[in-house]
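Tertiary structure, described
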Amino acid sequence: MFIVTLTYQKPEAAIDAALEGHRVFLREQYAAGVFLMSGRLQPRTGGIIIAHGVDRAALDALLLRDPFHREGIANYAVVEFVPTMTAPELSGLRQD
């Protein structure tokens, strides 16, 4: 499982202009079962994506397709972790 942190590199107007393309990309990854959760940071300096079901190389390749990456809107930091405890609703994600 991965936590992807996006840090915006461009002004809000550029972010807003690319937002719909970014959301299309997110919806595609949700439909593929790769993304579990995503959202913006508060204050609006970037965002977070929770991903699973792919290896690091596949995730890196996916992120290259994000319009936020292609247009230099955001930098990405990826951290891998193994969930060993979860809320009962998320028990299928644990790797005991």
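Below: a short report on this structure.

Calculation notes
Residues numbered from 1 in each chain as written. Predicted model: local features only at pLDDT ≥ 70, side-chain atom pairs only at ≥ 80, totals over all residues. Heavy atoms only, no water. Core = buried A, V, L, I, M, F, W, Y, C linked by side-chain atoms within 4.5 Å. Buried < 20%, exposed > 50% of the residue type's maximum accessible area, 1.4 Å probe, protein only. Helix = DSSP H or I, 4+ residues; strand = E, 2+ residues; numbered from the N terminus. Contact = heavy atoms within 4.5 Å. Pairing = 2+ DSSP bridges. Axes fitted to C-alpha atoms, helices over the stretch in contact; angles between N-to-C directions. 1 Å grid on protein atoms, 1.4 Å probe; cavity = no way out; pocket = protein on both sides within 12 Å on 5 of 7 lines; lining within 4 Å. Points joined across faces, edges and corners; volume = space filled by probe spheres on them. Nonpolar A, V, L, I, M, F, W, Y, C, P; charged D, E, K, R; others polar.

This part takes up the nonpolar core. Residues Val4, Phe35, Leu59, Leu63 and Phe68 are the most contacted members of the largest nonpolar core, which totals 20 residues. Elements supplying a minimum of two residues to this core: β1 (2-8), α1 (12-31), β3 (46-51), α2 (56-63) and β4 (74-80). Here this core gets five residues from one element, more than from any other, and that element is α1. Sequence-distant contacts of Val4, that is, excluding residues within four places in its chain, are made with Gly47, Ile48, Ile49, Leu59, Leu63, Tyr76, Ala77 and Val78.

Quick look at the side chain of His22 now. By the secondary structure assignment, His22 is in helix α1. Ignoring anything within four residues of it in the chain, the contact list for His22 reads Leu6, Asp66, Pro67 and Phe68.

Once that is clear, we can look at unusual backbone geometry. With an omega dihedral of 5°, the bond running from Gln42 to Pro43 counts as a cis peptide bond. In this structure, Pro43 sits in the loop between β2 (35-40) and β3.

Reading across the sheet, the four strands line up as β2-β3-β1-β4 and stay open at both edges, with antiparallel pairing between neighbours. Because the sheet does not close on itself, it has two edges, and the strands there are β2 and β4. Averaged over all adjacent pairs, the angle separating strand axes in this sheet is 15°, with direction ignored. Strand direction decides the pairing type here: β1 and β4, joined by seven bridges, are antiparallel. By the bridge assignment, Thr5 is partnered in β4 with Ala77. Most of the contacts of α1 go to β2, to which it runs at about 165°, and overall it touches β1, β2 and β3. Together, β1, β2, β3 and β4 form the strand contacts of α2, whose direction differs from that of β4 by roughly 165°.

Glancing now at the layout of surface pockets. Estimates place the volume of the largest pocket at around 210 Å³. Forming the walls of the largest pocket are 15 residues, and the residues nearest its centre are Tyr8, His22, Leu26, Gly39 and Arg40. Among the secondary structure elements, those contributing two or more residues to the lining of the largest pocket are β1, α1, β2 and β3. The class makeup of the residues in the lining of the largest pocket is seven nonpolar, five polar and three charged.

Function cannot be read off these values alone, since they describe shape.
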